[in-house]
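Architecture and fold: a report
If you want the building blocks of each chain, they are given just below.
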Amino acid sequence: IALSNQLSGMTTASLPALTSAEMPSGSVLQVATVMPNIGLVTLATASWTEASSLLRVAFTPKYATSTLIIECCFMYGGGNSNNVNHFKLYDITNSADIELSGYSNRFGVHGSARQVDHDLNDCDNMNLQVVTTASNTTARTYGMFSRNESGTVAKYFFANYDNSSLLGNAKPILKVTEIAG
């Protein structure tokens with residue numbers, strides 16, 4: 001620690017800056033976030049589809065040994081349907097799923113929802129999170145994808161269905177945090 005004004009009451013102190021290579025394990029190395037104002041998006045497909053290309057984060061890890069925490073928070077409405085909707089975070093650059101599990105006949109997801117409550121404006125705030133290893137320092141882009149269990153029931157993202165001053169619109173957030181390994 002370098003101290004200035006040592007003889008006159010020590011009014012300030014400064015700490016040496018650490019490079020990312022000097023950060024201890026568990027330290028946050030970098031965070032990339034996007035929070036676009038998208039508005040209402042309607043999806044009606046049983047195929048994996050990106051909810052919005054505006055909800056993407058470009059990210060280049062500093063170290064291959066780092067841990068990446070990828071998080072997405074968004075407003076979702078199930079269209080008052082008993083049809084389950086599935087969500088996953090996805091590596092768009094490498095066309096790769098991220099740490100999906102498998103069990104029996106089920107396919108891996110990062111979250112699912114079914115809404116049969118009242119009307120088309122029923123909504124929830126969905127939170128997806130996945131933890132993975134960077135594996136390399138190559139740039140990649142992450143996004144959020146969704147699909148219906150089956151059929152073409154309309155599902156609503158980022159805003160309530162009806163255009164009413166009594167209903168809401170929420171900016172989604174997609175965030176990638178790199179943690180030193």
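Residues numbered from 1 in each chain as written. Predicted model: local features only at pLDDT ≥ 70, side-chain atom pairs only at ≥ 80, totals over all residues. Heavy atoms only, no water.

Points about the environment of Asp119
Counting through the fold element by element, Asp119 comes out in the loop between strand 10 (111–115) and strand 11 (124–133). Linking Asp119 and Tyr161, residues 42 residues apart in sequence, is a C-alpha distance of 9.5 Å. (Helix = DSSP H or I, 4+ residues; strand = E, 2+ residues; numbered from the N terminus.)

What to know about the pattern of salt bridges
One pass over the structure, following the stated rule, counts four salt bridges. Among the salt bridges present, the one from Glu50 reaches Arg56, with a minimum N-O distance of 2.7 Å. Residue class for Glu50 comes out buried when judged on its relative accessible area of 17%. (Salt bridge = Lys/Arg side-chain N within 4 Å of Asp/Glu carboxyl O. Buried < 20%, exposed > 50% of the residue type's maximum accessible area, 1.4 Å probe, protein only.)

Let's talk about the packing of aromatic side chains
Under the criterion given, the structure shown has nine aromatic pairs. Look at Trp48 and Phe107: their rings are 6.1 Å apart centre to centre, the planes differ by 85 degrees, and that puts the pair in the edge-to-face class. In this pair, Trp48 sits in the loop between strand 4 (41–43) and strand 5 (49–50) while Phe107 sits in the loop between strand 9 (96–97) and strand 10, placing the two residues 59 residues apart along the sequence. Residue classification places Phe107 among the partly exposed residues on the basis of a relative accessible area of 40%. Where Phe87 meets Phe157, the ring centres are 6.3 Å apart and the plane angle is 85 degrees; that geometry is what we call edge-to-face. Of the two residues, Phe87 is situated in strand 8 (residues 81–91) and Phe157 in strand 13 (residues 155–157); the sequence distance between them amounts to 70 residues. Judged on exposure class, the residue Phe87 and its partner Phe157 are both buried. Taken together, the ring pairs connect Phe74, Tyr76, Phe87, Phe157 and Phe158 into an aromatic cluster. The residue whose ring lies beneath Arg147 is Trp48, and the NZ or CZ to ring-centre distance is 6.0 Å. (Phe/Tyr/Trp six-rings, centres within 6.5 Å; stacked < 30°, edge-to-face > 60°. Lys NZ or Arg CZ within 6 Å of the ring centre and 35° of its normal.)

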